[in-house]
Amino acid sequence: MTIAINPNPKQLEFFRARERFVAYGGARGGGKSWAIRQKARLLALRWPGIRILILRRSFPELQENHILPLLSDLRGLAQYRASEKAFLFPGGSRIKFGYCDRERDVDQYQGQEYDVIFLDEATQFTEYQYITLTPCIRGANDFPKRMYLTCNPGGVGHMWVKRLFVDRAFRGDEDPADYRFIPARATDNPVLAQRDPGYLKMLDNLPPGLREAWRDGSWE
């Protein structure tokens with residue numbers, strides 16, 4: 001089956017990355033949500049039976065940014081079961097959605113197994129939540145074992161994301177070869193620039209500090 005997508009160069013780099021932990025983003029408007037949806041769809045179709053989890057801090061964010069668009073993208077390819085918060089594919093693949101409003105909500109995933117986890121807006125998650133999720137990526141099969149993170153500077157998780165993916169200040173058994181950061185700005189997303197040029201102007205008009213973070217992806 002051929003799936004037509006047209007990623008920009010940064011998104012294509014994200015799709016092709018093979019490291020265990022891949023972070024994408026930095027600035028606002030880099031096409032992070034679209035990249036997550038398409039990568040999850042491609043994985044589910046490429047690897048029948050793969051188990052995928054997409055996480056955000058709240059369910060309304062999941063509904064607007066991922067579930068509703070995927071209902072269109074996956075029409076005829078997968079069935080959405082609202083009771084399970086998951087898309088089920090005929091080949092056995094599964095894309096499940098989860099959220100962690102509170103610090104300890106992440107504990108519900110202890111003991112669960114996923115081949116791939118997408119941590120969307122990773123800087124909104126605490127380091128404890130991230131650490132708790134990483135052991136869930138496992139399984140005695142040949143599927144890829146990865147965590148994909150999207151991120152913008154700021155938020156409760158700013159420092160741990162910056163340490164791992166920007167500063168690359170690794171500790172203990174953290175292997176530098178397992179980590180990759182793909183920075184992307186709104187100017188790397190020609191679809192946004194074409195369809196909503198006012199968004200780029202809005203980023204230019206932000207106050208100092210916020211402008212460098214959201215427009216340029218500065219982690220300082």
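Residues numbered from 1 in each chain as written. Predicted model: local features only at pLDDT ≥ 70, side-chain atom pairs only at ≥ 80, totals over all residues. Heavy atoms only, no water.

## Topic: the overall build of the protein
- When helices and strands are counted, the protein shows 8 helices and 8 strands.
- Whereas a compact globule of 220 residues would reach a radius of gyration of roughly 17 Å, the protein reaches 17 Å, a difference of no more than 12%.
- Among the 220 residues that make up the protein, the fraction classed as buried is 47%.
- In the protein, the share of contacts with a sequence separation of at least 24, taken over all contacts with a separation of at least 6, comes to 69%.
- As presented, the protein carries roughly 10600 Å² of accessible surface, and 49% of it is formed by carbon and sulfur atoms. (Helix = DSSP H or I, 4+ residues; strand = E, 2+ residues; numbered from the N terminus. Rg over C-alpha atoms; globule rule 2.2 N^0.38 Å. Buried < 20%, exposed > 50% of the residue type's maximum accessible area, 1.4 Å probe, protein only. Contact = heavy atoms within 4.5 Å. Areas by Shrake-Rupley, 256 points an atom, 1.4 Å probe, with all protein chains shown as cover.)

## A few points about the state of the cysteines
- Across all of its chains, the model carries 0 disulfides by this definition.
- Free cysteine C136: the closest other cysteine sulfur is in C100, separated by 10 Å.
- Its relative accessible area of 2% is what places C136 among the buried residues. (Disulfide = S-S within 2.5 Å.)

## As for the nonpolar core
- If you look at the biggest cluster of nonpolar residues, it comprises 29 residues, and the most contacted ones within it are F14, I52, I54, F87, I95, F97 and F118.
- Going through the elements one at a time, α1 (9–16), β1 (21–26), α2 (32–46), β2 (51–56), α3 (59–73), β5 (94–99), β6 (116–119) and β8 (179–184) are the ones with two or more residues in this core.
- F118 has contacts with F14, I36, K39, A40, L43, I52, L53, I54, L55 and Y148, leaving out every residue within four places of it along the chain.
- Counting 26 residues, the second-largest nonpolar core is a separate cluster that includes A23, Y109, I117 and Y130. (Core = buried A, V, L, I, M, F, W, Y, C linked by side-chain atoms within 4.5 Å.)

## A closer look at unusual backbone geometry
- In this structure, K85 takes a positive phi of about 50° despite not being glycine.
- Topologically, K85 is positioned in the loop between β3 (79–81) and β4 (86–88).
- Judged by relative accessible area, K85 falls into the partly exposed class, the value being 27%.
- Residue E121 is not a glycine yet carries a positive backbone phi of 55°.
- Among the structural elements, E121 can be located in the loop between β6 and α4 (127–133).
- Under the relative-accessibility criterion, E121 is labelled buried at 16%.

## Things to note about the pairing of strand β7 (residues 146–151)
- With 6 of its 6 residues buried, β7 lies for the most part within the structure.
- Residues of β7 alternate between two faces, with R146, Y148 and T150 on one and M147, L149 and C151 on the opposite face, all of them buried.
- Inspection of the sheet shows β1 paired to β7 by 5 bridges, in the parallel sense. Bridging across to β7, G25 finds its partner in C151.
- In terms of strand pairing, β6 meets β7 through 4 bridges, oriented parallel. (Pairing = 2+ DSSP bridges.)

## Observations concerning the packing of α2 against α3
- Where α2 contacts α3, the two axes come as close as 10 Å, and the packing angle between them is 50°. Put simply, α2 runs oblique to α3. As for the relative orientation of α2 and α3, their crossing is right-handed in sense. Facing α2, whose interface residues are S33, I36, R37, Q38 and R41, α3 presents N65, H66, P69, L70 and D73.
- Split into classes, the residues belonging to the contact of α2 with α3 amount to 3 nonpolar, 4 polar and 3 charged. (Axes fitted to C-alpha atoms, helices over the stretch in contact; angles between N-to-C directions. Parallel < 35°, antiparallel > 145°, perpendicular 65-115°, else oblique. Left-handed = near helix turned anticlockwise from the far one by under 90°. Nonpolar A, V, L, I, M, F, W, Y, C, P; charged D, E, K, R; others polar.)

## Side note on the sheet that holds β1
- On the basis of which strands lie adjacent, the open sheet formed by 8 strands has the order β3-β4-β5-β2-β6-β7-β1-β8 and mixed pairing. Edge positions in the sheet fall to β3 and β8, since each has one partner strand and no second. Strand-to-strand twist of the sheet, defined as the mean angle between neighbouring strand axes without regard to direction, takes the value 15°.
- Running over the sheet, α1 touches β1, β6, β7 and β8 and is turned about 165° from β8.

## Here's the deal with the environment of E103
- Here E103 lies in the loop between β5 and β6.
- Spatially, the C-alpha atoms of E103 and Q129 are 6.9 Å apart, while their sequence positions differ by 26 residues.
- At a separation of 2.8 Å, a polar atom in the side chain of E103 contacts the side chain of T126. (Polar contact = N/O pair within 3.5 Å; in protein donor to acceptor, adjacent residues only side chain to side chain.)

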